[in-house]
Amino acid sequence: MGFWQRVGQVMRSQVSAFRQEMTDPEQLLTQMLHQMELNLIEMRRSLAEAIALHKSTERQLANQKMTAQKWYERAKLALDQQNEIIARESLEHRQAHLTQMQNLEQQLTEQKQVILRIKNQLPVLEQKYSELKGKKSLYVARLKSAIASQQLQEMLDTWNPQGTQQLFERLEEKILTLEAQRELSQPAADPLEQRFLTWEETQQVEATLKELKNPRSLPPE
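Rules used in this analysis
Here the residue numbers are simple positions, counted from 1 along each chain's written sequence. Given that the model is predicted, a residue must reach a pLDDT of at least 70 before its local features are reported, and side-chain atom pairs must reach 80 or more before they are shown or counted; all residues, however, enter totals for whole chains, interfaces and linings. With hydrogens and water set aside, each side-chain value is computed from the structure's full complement of heavy atoms. Helix and strand labels come from DSSP, where a helix needs a run of H or I of at least four residues and a strand needs a run of E of at least two; each type is numbered from the N terminus. Per-residue accessibility, obtained with a 1.4 Å probe over protein chains only, is compared with the maximum for each type, and a residue is labelled buried under 20%, exposed over 50%, and partly exposed between these values. The accessible surface values rely on the Shrake-Rupley method and a 1.4 Å probe; as for residues, cover is taken only from the protein chains in view. Two rings from Phe, Tyr or Trp (for Trp, the six-membered ring) form a pair when their centres are within 6.5 Å of each other. A pair whose planes differ by under 30 degrees is stacked, one over 60 is edge-to-face, and the rest are tilted. Charge-over-ring contacts are defined here by two conditions on Lys NZ or Arg CZ: a distance within 6 Å of the ring centre and an angle within 35 degrees of the ring normal. By salt bridge we mean one thing: a side-chain nitrogen of Lys or Arg within 4 Å of a carboxyl oxygen of Asp or Glu. Only heavy atoms matter for contacts: two residues are in contact if any of them lie within 4.5 Å across the pair. A 3.5 Å cut-off defines polar contacts: any pair of N or O atoms within that distance qualifies, except that in protein one atom must be a possible hydrogen donor and the other a possible acceptor, and neighbouring residues in sequence count only when both atoms are side-chain atoms.

A.B. asks: Help me understand the overall build of the protein, please; the structure alone is not making it clear to me.
C.D. replies: Helix and strand counts for the protein come out as six helices and zero strands. Its helices and strands taken in sequence order, the protein reads α-α-α-α-α-α from the N to the C terminus. Every one of the 221 residues in the protein was classed for burial, and the buried ones make up 18%. Of the roughly 17,600 Å² of accessible surface on the protein, a fraction of 55% belongs to carbon and sulfur atoms.

Printed below as a string of C-alpha cells:
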C-alpha cells in the first residue's frame, strides 16, 4: 500500500471516529492529535527515504554515465586500430548503459515529484497540528457547546406538549388523592367535645337574640 493511500485511510478513519465519538470531544481531539503526530512521523520518514532513494539513483546514473563513456572510448580505440568488430560490440555495451540511464532519469523525475509533494504537504500538516494542539481547549469548549445545542434541539424535537399536560393532570390527581387520604387518616372529633362546641354556639345565638329584644341594651348608633 502506498504512502498516500495510508494517509487517505487515516483521514477517513478520523472522520468516522469524529462521527462515532461526539460524546467525548476531549478524547476525540486527543486521539486526533496523536494520529496527526503519527502522520507527521510517517511523512518525515517517507521524505527521508525518498531523498535517500533519490541520491542512490543519482549515484547509479553517474556510474552508468561513466560506464557508457568508457565503452564509447573503447569503441573509438578499436576503430583507431581498424577493429570494427570490437568497436561495434563496445557500442552495443554503451547503448545498454544509455538505455539504463534513461530508466534512471525517469525514476529521478518521479522521485523528485514525490519529494516535492511531501515537502509541500509536510508544512501544512505541521501547521494544522500546531494549531490544533494550541487551541485544543478552545476546540473542546466549542465541541461541547455544539453537542449540548444538538442534544437540546433533539430534546425539543421530541418534546410532546400534550403528553406534558397529561403528566401534570396525573400529578394533580395524585396530589388530591393523597390529601384526601390524609384527611381520612386524621382521628375523628370527640362527640362530647363537639356537643360542647355546639352548646357554646347556641348560647352565643341566644345572647344576641336577647340583646335584640331589649333595645335599651343595644349600643348607641
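A.B. asks: For this particular structure, what's the right way to read the packing of aromatic side chains?
C.D. replies: Ring pairs (aromatic) are described by centroid distance and by the angle formed between their planes. Here the structure, examined in full by the defined rule, presents zero aromatic pairs. The positively charged end of arginine 74 is found above the aromatic ring belonging to tryptophan 71, 4.6 Å away from the centroid.

A.B. asks: Which parts of the structure should I look at to understand the pattern of salt bridges?
C.D. replies: Where charged atoms from two side chains of opposite charge approach closely, those side chains can pair. A full pass over the atoms with the stated rule returns four salt bridges. Glutamate 126 is the partner of arginine 44 in a salt bridge, and the nearest nitrogen-oxygen pair spans 3.1 Å. Placement of the pair is arginine 44 in helix 2 (residues 25–80) and glutamate 126 in helix 3 (residues 84–134), with a sequence separation of 82 residues. Of the charged contacts in the structure, one is a salt bridge between arginine 88 and glutamate 84, with a shortest N-O distance of 3.0 Å.

A.B. asks: Would you mind going over the environment of leucine 53 with me for this structure?
C.D. replies: Checked against the element boundaries, leucine 53 lands in helix 2. Of the residues examined, leucine 53 reaches a relative accessible area of 48% and is grouped as partly exposed.

A.B. asks: Would you take a moment to explain the environment of alanine 141 for this structure?
C.D. replies: Here alanine 141 lies in helix 4 (residues 136–158). Classification of alanine 141 as partly exposed rests on a relative accessible area of 45%. The spacing of alanine 141 and glutamate 26 is 115 residues in sequence and 8.9 Å in space, taken between C-alpha atoms.

A.B. asks: Just checking my understanding: could you explain unusual backbone geometry for this structure?
C.D. replies: Among all residues save glycine, negative phi is the norm, and among peptide bonds the norm is trans. Even without being a glycine, glutamine 82 presents a positive backbone phi close to 65 degrees. The residue glutamine 82 is located in the loop between helix 2 and helix 3 in this model.

A.B. asks: Is there a simple way to explain the environment of methionine 101 in this structure?
C.D. replies: Looking at the secondary structure, you find methionine 101 in helix 3. Separated by 41 residues in the primary sequence, methionine 101 and glutamine 60 have C-alpha atoms spaced 8.5 Å apart. The contact partners of methionine 101, leaving out residues within four places of it in the chain, are Leu61, Gln64, Lys65 and Ala68.

A.B. asks: Please clarify how the side chain of histidine 54 should be interpreted in this entry.
C.D. replies: Positionally, histidine 54 belongs in helix 2. On the basis of relative accessibility, which here comes to 11%, the residue histidine 54 falls in the buried class. Those residues in contact with histidine 54 that sit more than four places away from it in its chain are Leu108, Gln111, Lys112 and Ile115.

A.B. asks: I would appreciate a short explanation of the side chain of glutamine 111 in the present structure.
C.D. replies: Relative to the helices and strands, glutamine 111 is located in helix 3. For glutamine 111, a relative accessible area of 11% translates into the label buried. Of note is the side chain of glutamine 111, whose polar atom sits 3.1 Å from the side chain of threonine 57. The residues contacting glutamine 111, other than those within four sequence positions of it, are Leu53, His54 and Thr57.

That is the geometry; function is a separate question.
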